[in-house]
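Okay, here's what each chain looks like letter by letter:
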Amino acid sequence: MDERLKNLKRAMKKNTFADVHFTEEQRMKVRDQMQPDIERELFTLLTEHRTATELIQLLHVKGVKSIWQNEGLVFIKLHQAEAAGDVEGLWDKQGTKSYRLTKQGLHKYAEDVQPKWSFKRLLHEVKPNES
């Protein structure tokens, strides 16, 4: 069966898709659509220690469709951020790893992590009645 699929793929390349050519810009657009940037959604959840399983469940609840069939993308993003120093991973006594943003990560993703309208910010914008 595997060999028949390979033969079909070769035949499609030679005949059906022989005249189809994609520019590098088109290829990049397709890649971006296939793996949308979930970092913002992910890092907003990392202000406190959370396991990858918790993060995946919360992303599902938030309706992030890019991970529905590709939950491994969360692990990839976590490990990349950990290697960059934006996220720290801690192991507990049961052998479960939890993640949290580092100071560097908090600074890097500050706009995404901090709410736009905090109570403190609203108090500064309220002007007293002048009567």
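Residues numbered from 1 in each chain as written. Predicted model: local features only at pLDDT ≥ 70, side-chain atom pairs only at ≥ 80, totals over all residues. Heavy atoms only, no water.

## Quick notes on the sheet that holds strand β2 (residues 87-91)
Strands pair in a sheet through their backbones, by hydrogen bonds, and they do so in one of two ways: parallel or antiparallel. Judged by pairing direction, the sheet is antiparallel, and its three strands sit side by side in the order β1-β3-β2 without closing on themselves. This sheet does not close on itself; its edge strands, each paired only once, are β1 (50-51) and β2. Across five bridges, the pairing between β2 and strand β3 (residues 97-101) is antiparallel. What sits directly across from Val-87, in β3, is Leu-101. Helix-sheet contacts for helix α5 (residues 72-84) involve β2 and β3, and the interaxial angle to β3 is about 60°. (Pairing = 2+ DSSP bridges. Helix = DSSP H or I, 4+ residues; strand = E, 2+ residues; numbered from the N terminus. Contact = heavy atoms within 4.5 Å. Axes fitted to C-alpha atoms, helices over the stretch in contact; angles between N-to-C directions.)

## A word on the packing of helix α4 (residues 52-62) against α5
Here α4 crosses α5 at 125°, and the two axes come no closer than 10 Å. The angle between the axes of α4 and α5 places the two elements in the oblique class. Here α4 and α5 pass one another in a crossing that is right-handed. Contacts between α4 and α5 pair Ala-52, Leu-55, Ile-56 and Leu-59 from the former with Val-74, Phe-75 and Leu-78 from the latter. Tallied by class, residues from the contact of α4 with α5 come to seven nonpolar, no polar and no charged. (Parallel < 35°, antiparallel > 145°, perpendicular 65-115°, else oblique. Left-handed = near helix turned anticlockwise from the far one by under 90°. Nonpolar A, V, L, I, M, F, W, Y, C, P; charged D, E, K, R; others polar.)

## Quick notes on a nonpolar patch on the surface
A contiguous nonpolar patch, built from Leu-5, Leu-8, Met-12, Phe-17, Val-20 and Phe-22 and spanning about 570 Å² of accessible area, is present on the exposed surface. For Leu-8, the location among the structural elements is in helix α1 (residues 2-16). (Patch = residues over 30% accessible without salt bridge, like charges linked within 9 Å, V, L, I, M, F, W, Y side chains within 5 Å. Areas by Shrake-Rupley, 256 points an atom, 1.4 Å probe, with all protein chains shown as cover. Salt bridge = Lys/Arg side-chain N within 4 Å of Asp/Glu carboxyl O.)

## Things to note about the side chain of Thr-102
Tracing the backbone through its elements, the reader meets Thr-102 in the loop between β3 and α6 (103-108). A relative accessible area of 19% places Thr-102 in the buried class. When sequence neighbours within four positions are dropped, the list of residues in contact with Thr-102 reads Gly-85, Asp-86, Val-87 and Glu-88. (Buried < 20%, exposed > 50% of the residue type's maximum accessible area, 1.4 Å probe, protein only.)

## As for the pairing of β3
Across the five residues that make up β3, a large majority, four, are buried. As paired strands, β1 and β3 are joined by two bridges and run antiparallel to one another. Across the sheet, residue Thr-51 finds its bridge partner in β3, namely Ser-98. Joining the antiparallel neighbours β2 and β3 is a turn of five residues, in which Gly-95 adopts a positive phi near 90°.

## Examining the nonpolar core
Ranked by size, the top nonpolar core spans 19 residues in total, and within it Leu-42, Phe-43, Leu-46, Leu-59, Val-74, Leu-78 and Val-87 carry the most contacts. Listing elements by their share of this core, those giving two or more residues are α3 (39-44), α4, α5 and β3. (Core = buried A, V, L, I, M, F, W, Y, C linked by side-chain atoms within 4.5 Å.)

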